[in-house]
Amino acid sequence: MLLQAKQRTKLDDSDDSLFYSFPRFVTHVDEGFIDQLTNLYRDRLQPHTRILDMMSSWVSHLPEEIEFAHVEGHGMNEEELAKNRQLNHYFVQNFNQDLKIPLPDKDFDAVLNCASIQYLQYPDAIFYEIHRILKPGGIAIISFSNRMFSQKAIAAWRDNSEEGRVELVKSYFDSVKNANGVPGFSQVEVISQQSNVPSFLQMLGLGGGDPFYVVIAHRQV
């Protein structure tokens, strides 16, 4: 396994479905982060393509003016997903219990994950699945800040630095290269815009904008 057992532990190890059983109609990053992410999607996603927004909620931050062929949503709360008007379809699944994404091989042009990657306990298995469902050349865009539900984030994320978390996501992509002989992902691209405000003040919402981190890779042909 990519992570040791202790690195996958959570402060709250109760059933995740209980934690996500009630909807949270809030955004988990600030407007500056959202604007940067939407602009990134505008630049990197193509019209009339198939998108999976995994670990999503009631908003997907996709550019309103781009028409996609299909946007599939995944999350843990059905009420949130039902309210997301950018989704054409959605499914509810706990990726920490069921590690198989119920979607066909080579069927999606892009897989997105915004501000949720910190909750995966078996990221190598899920990134293998991301690779499987992407078309050759398809793009995976993993974005995150420094916010989290600390009780549900894995120890490897929670106890790491912001720079260490970037390296962690890079290792998730790299783990696919030697899995069952698949070609894996391309060399990753990292976008990093750090905040100059101490992290404990950011967590309290005092001063400065959220840091903006994105790790991007393509499925190799």
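Rules behind the numbers
Residues numbered from 1 in each chain as written. Predicted model: local features only at pLDDT ≥ 70, side-chain atom pairs only at ≥ 80, totals over all residues. Heavy atoms only, no water. Salt bridge = Lys/Arg side-chain N within 4 Å of Asp/Glu carboxyl O. Helix = DSSP H or I, 4+ residues; strand = E, 2+ residues; numbered from the N terminus. Buried < 20%, exposed > 50% of the residue type's maximum accessible area, 1.4 Å probe, protein only. Polar contact = N/O pair within 3.5 Å; in protein donor to acceptor, adjacent residues only side chain to side chain. Contact = heavy atoms within 4.5 Å.

Visitor: How would you summarise the pattern of salt bridges if you had to cite specific residues and measurements?
Guide: Summed over all chains, the structure comprises 16 salt bridges. For Glu129, the salt bridge is made with Arg132, and the minimal N-O distance between the two is 2.8 Å. Residue Glu129 and its partner Arg132 are located together in helix α4 (residues 123-133), separated by three residues, close to a single helical turn. This pair shows no difference in class: Glu129 is buried, exactly as Arg132 is. Shared partners join several salt bridges into a network, and the residues in it are Lys10, Asp12, Asp16 and Lys152.

Visitor: How would you sum up the side chain of Asn96? Please name residues and give values.
Guide: Within the secondary structure, Asn96 is located in the loop between β3 (89-92) and β4 (108-114). Within polar-contact distance, the side chain of Asn96 engages the side chain of Asp16 at 3.1 Å. At 2.8 Å, the side chain of Asn96 and the backbone nitrogen of Gln121 are in polar contact. Apart from the residues lying within four places of it in its own chain, the contact partners of Asn96 are Lys10, Asp16, Tyr119, Leu120, Gln121 and Tyr122.

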